[in-house]
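Secondary and tertiary structure notes
Residues per chain are reported as follows:
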Amino acid sequence: MSRTVSIYLDSPKLMLCPNAAARPSSTRRRTSISRLVCLTAASGCTAIALALTILYSHQVSVATETGRENTRLNAALNHLRVLAEAQSHEAQGALADARRQLGALQAAATIKRQTPPAATSAEAALAQARGDLAAANAANRQLTATLDDLGSRASIAAERDVAATARIAALQSSNAELLAQADALKSQILQLAAQVPATDDSAAPPADDAAPAPPTRWAMNVSYDTAKSFAALCFDRDSLHETPAGPGSPFVCTAASRAASAAIFSFTHDAALERVYAASITVSLAADTPRDRLAENSKLVNLFLKAFAPACRNPDDWLNTTARQLAGKDSSHRAMLLDTTYKITAANDGHGTFTFRVESPHEELTGF
């Protein structure tokens, strides 16, 4: 709170004499001294007033701070009183709970002291524990016997498994040897067949057809040089030989074999070595043929179809489809692919050896 302090200076009035110059010097000196005294007195009164004002302001500020500090101390004291009362209530409640628990414990101790010892119940519990232990021992012995039995059975089964594994390995080895022998026999048969003079089936009339053979034959769009180049390129050169197509036939059959893959190739041409009338190839495409040999024979048939039926599209697809259709069937079942420039006939001998024959389609197309 601000206060206003007014200071009043009670200073003597100074009288100025207009005719001071006319007075004597002594009078003027006294007058100057009086003025100095008055000024000094006035200054002292002002200092005293200022000191009193400062002292009063300090007392007022001290009183204000003292009041504020008293207010804070009273608030803290009230808060401490509230906390003390709350803690006192909690202590009284805890003391009451402890007293109740003590009473309950004392009552339980009294009841326990009054109850006689239960020896009979303890003996019964001991007897029951002994019975449980005996039952557990019996179950343990039975489990041990069961485990021993299972162990002996497992050892017997393991021995049988070892014997069965050995037997399977022996059978697989025997099967592999038999397959190798079969492949060798097939190769020998095909090589022997290549050495036998080949005959042209188209020159002789079919057994179930009573009509006479046509006087002329339609040639293919493949030259003799192309056929002979294919035989020299894909088959053994030493195996290449020529034989008559049949008794009294004007045609000649040239055959060649390939010992590595047991394949046979032959084509029928004229004596002038100009025209080719038919070409055939025999290879093994059996399912049990070794994979590398099967791939080699399939590639050889593919080259054969491209050389003697160049207009055939996707010969690989047709070859795979035909091999699946004729698998497991004999030579009475045939597959044919007919076009305006070629006629392809495929047959299986019943043992996985396929023969593919290419010839002119003119007779089929004209009805001759």
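Everything in this summary refers to the structure shown in the same document. (Residues numbered from 1 in each chain as written. Predicted model: local features only at pLDDT ≥ 70, side-chain atom pairs only at ≥ 80, totals over all residues. Heavy atoms only, no water.)

Quick look at the nonpolar core now. Phe235, Phe265, Phe304, Phe308, Ile344, Phe356 and Val358 are the most contacted members of the largest nonpolar core, which totals 34 residues. Of all elements in the fold, only α3 (224-234), β3 (263-270), β4 (276-284), α4 (291-308), α5 (315-325), β6 (343-348) and β7 (353-359) reach the threshold of two or more residues within this core. Apart from residues lying up to four places away in sequence, Val358 is in contact with Met220, Ala278, Ala279, Phe304, Leu305, Phe308, Ala309, Tyr342, Lys343 and Ile344. (Core = buried A, V, L, I, M, F, W, Y, C linked by side-chain atoms within 4.5 Å. Buried < 20%, exposed > 50% of the residue type's maximum accessible area, 1.4 Å probe, protein only. Helix = DSSP H or I, 4+ residues; strand = E, 2+ residues; numbered from the N terminus. Contact = heavy atoms within 4.5 Å.)

Counted by the stated rule, this structure contains 13 aromatic pairs. Ring centres of Phe235 and Phe265 lie 5.5 Å apart, and the angle between their planes is 20°; on these two criteria the pair is classed as stacked. Of this pair, Phe235 sits in the loop between α3 and β1 (241-244) while Phe265 sits in strand β3, placing them 30 residues apart in sequence. Exposure remark for Phe235: the relative accessible area of 4% places this residue in the buried category. Plain terms: the ring middles of Phe265 and Phe304 are 6.1 Å apart, the flat faces sit at 70° to each other, and that makes the pair edge-to-face. Of this pair, Phe265 sits in strand β3 while Phe304 sits in helix α4; the two residues are 39 residues apart in sequence, bridging distant segments of the chain. (Phe/Tyr/Trp six-rings, centres within 6.5 Å; stacked < 30°, edge-to-face > 60°.)

It is worth spelling out the side chain of Asn348 at this point. Within the secondary structure, Asn348 sits in strand β6. Overall, Asn348 belongs to the buried group, its relative accessible area being 2%. Apart from the residues within four sequence positions on either side, Asn348 is in contact with Leu326, Ala327, Gly328, Lys329, Asp330, Ser331, His333, Thr353 and Phe354.

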